[in-house]
Structures are given as structure tokens and as C-alpha cells.
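# Close look at the chain arrangement
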Amino acid sequence: MFLLFTLSCAPNVIELYARERDVALATASELPTNWSPDASLEISKAGLNLVMGAALKAEVEKEAPPIEIGLPLGRKASISPHLVVDKVSIAPSDACSPCVSLKGALLGKAPWNVDFVKGSFPFEVTADAVLAFEVVDNREVRVRLKELKSVNVRVLEIAGLGLNPSNALETWVARRVLEKLPPVTVTTLDSASLPLRGVRLLTRSDVLRVELLTDVPDSKPIPSRTSTAHDAEVVLSETALLGLARRAAFNKGTLTLDVAVDPRVLMVNEQGFTLGLRLWRLVGRGWWRDYTVTGSLLAEGGKVKLKTERVDEAGKSPGAGFVDPLAALLEGQITRVLEDALSQSLPGRRAEDLGGARIAAVVESVRGETGAMVVGARLAVVSGP
């Protein structure tokens, strides 16, 4: 009789699950006036140098029409300059926010001909420009040429040409950069895996910081940071990551044996994580059972990995049956949801086209840092579509 009374007074787990599902699937749409980011993407000076060097290389190293220079008696000199990018350097700029200064060094060789006389000469180019960053459609981060401050050409050897083509070459380089260098997509934020209600850009010293506010209600801000140790780093607060993972789990629904997985707590610290997990059995009146999962944060094969090491039972509802939590973790999986939420937020995941080259991100590290998970990546220029 006592058992029957207890079961009759037990809460309806199916209804409780439905209420939890409503909470997990709720989204926030309002953008507060003074909002703090719960996620960020930071691209370091080295990362920006690589992106802009690849973009500049893709444009200036293309074939171009020759320069025609008038000579006395109606004659013309035809010069066909070829450029290669030697060095690109990003530096802070106070021209605007968010802006950076770009200094480029290029090497050139120019075949020439006058009538039936031919030759070639080497030359060097230095250019100083201001780049401005912008966000398009709340997801695409672009950089464009705001101002070309100077172009200087030094001809190293004229060798029989009979004129100094420096001014003509400076005009040619300036026109080519101003007219041909298109806005460059630095990264495209994956709004499917990381739904956003706010994006803003800051340039701190020579680092581009993309501050993000997800649509997870009541998520906590990421900690303030003073340095970026990799080409690029994604930072996601524990609360935002947990909210996204919980939403994905409820959208996934039930797995084997009519069991649904529900991540309820997430903590990360250095190279470890702790996950509070509830398994819901959604048959009859249903039951639930709680587990604490601990493991390691890893960077393997260029991706984020969460390695489960221990699972402990933490509580259960009246009449709860037993379902192996490791089997549930291997099937749906919350660890995979967490991995994807981080990996898909990285710059270069979509292999941004830079005109014949593309930027790709390779995960190098993952760690916990003061209430947030930080993923560090190396950016690389790769060929192909």
C-alpha cells in the first residue's frame, strides 16, 4: 500500500520533461543596449597577417596589362610588371574603430621593350594602408581597404631603358590596389550552430576581437582577456555552451529505450570537464536518473574532443530503472554536441575564398578558463576549391 501511495503521489515525469523542454528550447531575441559578450572570436596579429597576405597575393600576383609610357618622337615604352608579396605586417591604427594599419613590401620584375630593344629591371614596392573591418548580415566578418596612404617604388636597376619608370609604376600599383582589391571575408560565423543576436567588432592593439551574444537566455559573460596565444581563439562561456548543447539534446529527442539525454550542468577547468547529465525515460509516467560525467578536453586531428573518463550516479526519481549512461553518451551524443558547437565556430571552417586560395582553421588546443571554454587554432592557407 505504501508503495502504491508513493507511486500515485510521484510527479508525472512526462509533464516535467515537457516543462524542461520548453525552458531548454527558449531563445532570447532582445539585444540589450549595453550587452556583454557570452562568446568571442579573436584573431591575432599573426592570423591577420596571414589572411591579408593571402588576399593581397591572390590579387597582385595575377597577370596585368602592360604600362605604356610615351617617349620623344612618338615612341612608346611598354613595361609589363610582375609582383610578388614579400611581407605583410598589421599594426594598430587610430583612423577608425575597428581599423588596423597594413604595411606591405612587394618585390617586382618588369620586362620592357622599346621598338626592337628589350630588357627587364627589378624593383621594390612599399605600401601603407588603413583597413576597416565590418559585419555583414550579422554573420560575415569582412575587411576592406579604407585608405591607401602611400605607395613608394624603388627601381633597383634601369639597365638601358633610358628613363626612370618609378612614378608610372607607383600610379600603376596604387590603381591596381584601389580598384582591384575586393573586400575580404575574414570569417563567416555559423549561425546554425551558434545562433546570435548581437555581433560587434573591436581592434585591441593589433588583434581583431569579434564579440558575440548568443540567443541563450540568461547566459553569463565570458571573462575579460588580455592576450591571444594562437592565430585564432574561440571563447564560449560555460552557460552559453550548456544552453546550446541542451537545446540540441531536446531537439534530438529520444534515443534507444525511449531515453532522452539532458545536459544540466557544465564546468570546465584547465584540461578537464564535469558534466551533470539527466537521462529521461519517457514511457508511461516515466522516470529520470542523474549522472555526473567527468573527462578530459582534447585537441585531436584538428578538432575538439571531449573524452569521457568516469560516470557516477547522482540521483533518481521514484521507481527509476537503470540505463547505462555510457551507452547513451556514445549514441547521440552530448559530447559531440559540445564538440560541434566549438569547432563550427572557428574561423576558416568554411574555407573562405581568397581568389584561388582559402583559409582553413586547424584546432591546436582546448582548455577551460574562468567559466569559459577556449579553443585555439592555427590558420593556414590551402589551395583548391
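I will try to describe carefully the structure that is included in this document.

Rules and cut-offs
In this convention, every chain numbers its residues from 1, walking through the sequence in written order. Confidence filtering applies because this is a predicted model: local features only for residues at pLDDT of at least 70, side-chain atom pairs given and counted only at 80 or more, and all residues used for totals across whole chains, interfaces and linings. The side-chain numbers reported here are obtained from all heavy atoms of the structure, hydrogens and water having been left aside. Starting at the N terminus, helices and strands are each numbered in turn, a helix being any DSSP run of H or I of at least four residues and a strand any DSSP run of E of at least two. Partly exposed residues are those whose accessible area sits between 20% and 50% of the maximum for their type, while under 20% is buried and over 50% is exposed, using a 1.4 Å probe and protein chains only. Only heavy atoms enter the contact rule, under which two residues are in contact if any of them lie within 4.5 Å. To measure how exposed things are, a 1.4 Å probe is used in the Shrake-Rupley method; for residues, cover is taken only from the protein chains shown. Joining through side-chain atoms within 4.5 Å is the link that ties buried Ala, Val, Leu, Ile, Met, Phe, Trp, Tyr and Cys residues into a set, and such a set is a nonpolar core. Note on method: axes are straight lines fitted to C-alpha atoms, helices fitted across the in-contact stretch only, with angles between N-to-C directions ranging 0 to 180 degrees. Oblique is the label for any angle not covered by the other classes, which are roughly parallel (under 35 degrees), roughly antiparallel (over 145) and roughly perpendicular (65 to 115). Note: crossing handedness is left-handed where the near helix turns anticlockwise from the far helix by less than a right angle, and right-handed where it turns clockwise. Strands are labelled as partners when DSSP assigns at least two bridges between them. Every helix has an expected span of 1.5 Å times one less than the residues it contains. Throughout, the arc means that of the directions going from the helix axis to the C-beta atoms. For this analysis, a polar contact is any N or O atom pair within 3.5 Å, provided that within protein one partner can donate a hydrogen and the other can accept it, and provided that sequence-adjacent residues contribute only side-chain to side-chain pairs.

A separate point is the overall build of the protein chain. Along the protein chain, the regular secondary structure elements total 7 helices and 18 strands. Classification of the 385 residues of the protein chain by burial places 51% in the buried group. Sequence-distant contacts, at least 24 apart, represent 63% of the contacts inside the protein chain between residues at least 6 apart. As displayed, the protein chain offers around 18,400 Å² of accessible surface, 52% of which is attributable to carbon and sulfur atoms.

Before going further, it helps to spend a moment on the nonpolar core. Among soluble globular proteins, nonpolar side chains are generally buried collectively. Among the nonpolar cores identified, the biggest contains 86 residues, and Phe121 and Phe123 are the most heavily contacted of them. Sequence-distant contacts of Phe121, defined by excluding residues within four places in its chain, comprise Ile79, Gly108, Lys109, Ala110, Trp112, Val155, Glu157, Ile158, Leu161, Pro165 and Leu169. Core analysis: the second largest hydrophobic core is formed by 8 residues, Val13, Tyr17, Ala24 and Trp288 among them.

Between helix α2 (residues 13-25) and helix α5 (residues 238-252), the least distance of the axes is 8 Å, while the angle of their chain directions is 130°. One way to sum up the angle between α2 and α5 is to call them oblique. The two elements α2 and α5 meet at a crossing, and its hand is left-handed. On α5, the residues that touch Tyr17, Glu20, Arg21, Val23, Ala24 and Leu25 of α2 are Arg246, Arg247, Phe250 and Asn251.

This part covers the pairing of strand β4 (residues 82-92). Note that β4 and strand β5 (residues 99-114) share 10 bridges and pair antiparallel. The residue bridging His82 from the neighbouring strand is Lys109, located in β5. The loop that links β4 with its antiparallel partner β5 comprises 6 residues.

Moving on, we come to α2. Helix length check: α2, at 13 residues, gives a terminal C-alpha distance of 18 Å against a target of 18 Å (1.5 Å per residue), a fit within 8%. Those residues of α2 that sit buried are Val13, Leu16, Tyr17, Glu20 and Ala24. An end-on view of α2 places all buried positions within 100° of arc, on one side of the element. Packing partners of the buried residues in α2 comprise α5, β12 (259-269), β13 (272-281) and β14 (287-300). Between the side-chain oxygen of the N-cap and the backbone nitrogen of Ile14 there are 3.0 Å, and the N-cap of α2 in question is Asn12.

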